[in-house]
Amino acid sequence: TSSCHTCSNNSPCTRENIDDGEFYHSHCDANKFVQCDEFGGCHEMPCGAGLIWDQDAMTCNWPVDTSYSSPDGPDPTDTPESNNVPTPPRSDNPNEGGTSSCHTCSNNSPC
């Protein structure tokens with residue numbers, strides 16, 4: 001769903017969501033997300049520095065790479081702090097730049 005959640009208010013960790021395989025949800029703070037476990041436990045998790053939750057991608061992402069719309073409060077991409085966050089190098093080659101690492105298959109060739 002697109003509404004914001006916390007574990008204490010509007011918890012998304014319902015049996016229905018869990019049965020549907022929906023374990024990750026937007027938090028009211030864009031720098032966090034809610035993770036449910038298979039038993040209905042609710043966990044508020046932080047995104048890494050400079051990242052916000054991207055519900056479409058189901059992961060924390062750089063603000064410029066999301067279609068973030070705030071359910072409550074200001075857009076985190078408008079804050080002065082986010083303007084000081086370095087943008088990671090971009091490359092189509094996973095072996096160049098960023099925090100990507102080279103992965104190899106069992107035959108020692110790149111996958």
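Cut-off values and rules
Residues numbered from 1 in each chain as written. Predicted model: local features only at pLDDT ≥ 70, side-chain atom pairs only at ≥ 80, totals over all residues. Heavy atoms only, no water. Pairing = 2+ DSSP bridges. Helix = DSSP H or I, 4+ residues; strand = E, 2+ residues; numbered from the N terminus. Axes fitted to C-alpha atoms, helices over the stretch in contact; angles between N-to-C directions. Disulfide = S-S within 2.5 Å. Buried < 20%, exposed > 50% of the residue type's maximum accessible area, 1.4 Å probe, protein only.

Enquirer: Provide a residue-level description of the sheet that holds strand 1 (residues 24–26), including the pertinent values.
Expert: The sheet built from three strands is open, its strands ordered 1-2-3 with antiparallel pairing. This sheet does not close on itself; its edge strands, each paired only once, are strand 1 and strand 3 (42–46). In this sheet, adjacent strand axes meet at a mean angle of 35 degrees when their direction is disregarded.

Enquirer: For the state of the cysteines, give the residues involved together with the corresponding values.
Expert: Simply put, disulfide is the name for a covalent bond between the sulfur atoms of two cysteines. Evaluated as defined, the whole model comprises four disulfides. Between the sulfur of Cys4 and that of Cys28 lies a disulfide, 2.1 Å long from S to S. Classification of the bridge connecting Cys4 and Cys28 rests on its S-S torsion, roughly 70 degrees, and on that basis the disulfide is right-handed. Of the two residues, Cys4 is situated in the segment before helix 1 (15–19) and Cys28 in the loop between strand 1 and strand 2 (32–36); the sequence distance between them amounts to 24 residues. For Cys47, the disulfide goes to Cys60, at an S-S distance of 2.1 Å. Classification of the bridge connecting Cys47 and Cys60 rests on its S-S torsion, roughly -75 degrees, and on that basis the disulfide is left-handed. With a gap of 13 residues between them, Cys47 in the loop between strand 3 and strand 4 (52–54) and Cys60 in strand 5 (residues 59–61) connect regions that are remote in the sequence. Here Cys47 and Cys60 have matching classes, each one buried.

Function-wise, these values are silent; they only describe arrangement.
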